Amino acid sequence: MVVLPSGGAVQQTTTTSPTATVTPGALNVRSGPGIGYDVVGVAYQDDTLTLVGRNTDVSWIQVQLASGIVGWVGKYYIRPNMPLNRLPVTFIGAGEAVATVATGALNVRSGPGIAYDVVAIAKQYQQVNMLGRNRAGSWVMIRASGIEGWVNAGYLDSTVPVGTLPLISVP
């Protein structure tokens, strides 16, 4: 039983979950982000999909169908209710420079050094994309959960040597 307050209106709040509408007549939903992956379901024009995540370049979007099936669709075949780059990265492709945070909490800064502001905190075991490095290779520019910033390279377990990352100059 719900007891409502007397003498006042009840305000109902709603949260808009990330969704998208299918635009073509039929859309294959695949097991991974690419046409080489198996088809696991089909969505039809005007179906509403729940948005789950994205790949790093936002070309493929992970969705959930009303039936509960989770899969991937090309971004050009849906009309989302939010910017797709705000979705979390749920697939990091082979060959991309990635790393795992190797400490309890890692400050993500606006530039390569401790004098720069902290813009986020990456948690232990979180996977991040490595975008580039400073000249010394002591700081790495990363992208994680839609946020870009710099972290101390010594606190990352990376898939590639930091020295092979592109050099990013900071004014």
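Structure shown above.
Below or above, wherever it landed, is the structure these notes cover.

With that settled, consider the nonpolar core. Counting 17 residues, the largest nonpolar core has Val-128, Met-130, Val-140, Ile-142, Val-151 and Leu-156 as its most contacted members. Looking at this core, the elements that each hand over two or more residues are strand S9 (98-101), strand S10 (105-109), strand S11 (118-123), strand S12 (127-133) and strand S13 (139-144). Looking at this core element by element, the count peaks at three residues for S13. Val-151 has contacts with Leu-106, Asn-107, Val-108, Ser-138, Trp-139, Val-140, Ile-142 and Leu-156, leaving out every residue within four places of it along the chain. Counting 15 residues, the second largest nonpolar core, distinct from the first, contains Val-22, Val-29, Ile-61 and Val-73.

Here Asp-46, not a glycine, exhibits a phi torsion of approximately 75 degrees, which is positive. You can see Asp-46 is positioned in the loop between strand S3 (39-44) and strand S4 (48-55). Given a relative accessible area of 54%, Asp-46 falls into the exposed group. A positive phi angle, near 70 degrees, is found at Tyr-125, a position not held by glycine. Position of Tyr-125 among the secondary structure elements: in the loop between S11 and S12. When its relative accessible area of 64% is taken as the criterion, Tyr-125 is described as exposed.

With that settled, the discussion passes to the side chain of Gln-62. Residue placement: Gln-62 occurs in strand S5 (residues 60-64). Gln-62 has contacts with Thr-50, Leu-51, Val-52, Gly-53, Arg-54, Val-70, Gly-71, Trp-72 and Thr-90, leaving out every residue within four places of it along the chain.

Together, Val-39, Val-42 and Tyr-44 give the surface a local cluster of nonpolar side chains, amounting to about 260 Å² of exposed area. Positionally, Tyr-44 belongs in strand S3. Taking the relative accessible area as the measure of exposure, Tyr-44 reaches 47% and is therefore partly exposed.

Definitions and cut-offs
- Residues numbered from 1 in each chain as written.
- Predicted model: local features only at pLDDT ≥ 70, side-chain atom pairs only at ≥ 80, totals over all residues.
- Heavy atoms only, no water.
- Core = buried A, V, L, I, M, F, W, Y, C linked by side-chain atoms within 4.5 Å.
- Buried < 20%, exposed > 50% of the residue type's maximum accessible area, 1.4 Å probe, protein only.
- Helix = DSSP H or I, 4+ residues; strand = E, 2+ residues; numbered from the N terminus.
- Contact = heavy atoms within 4.5 Å.
- Patch = residues over 30% accessible without salt bridge, like charges linked within 9 Å, V, L, I, M, F, W, Y side chains within 5 Å.
- Areas by Shrake-Rupley, 256 points an atom, 1.4 Å probe, with all protein chains shown as cover.
- Salt bridge = Lys/Arg side-chain N within 4 Å of Asp/Glu carboxyl O.

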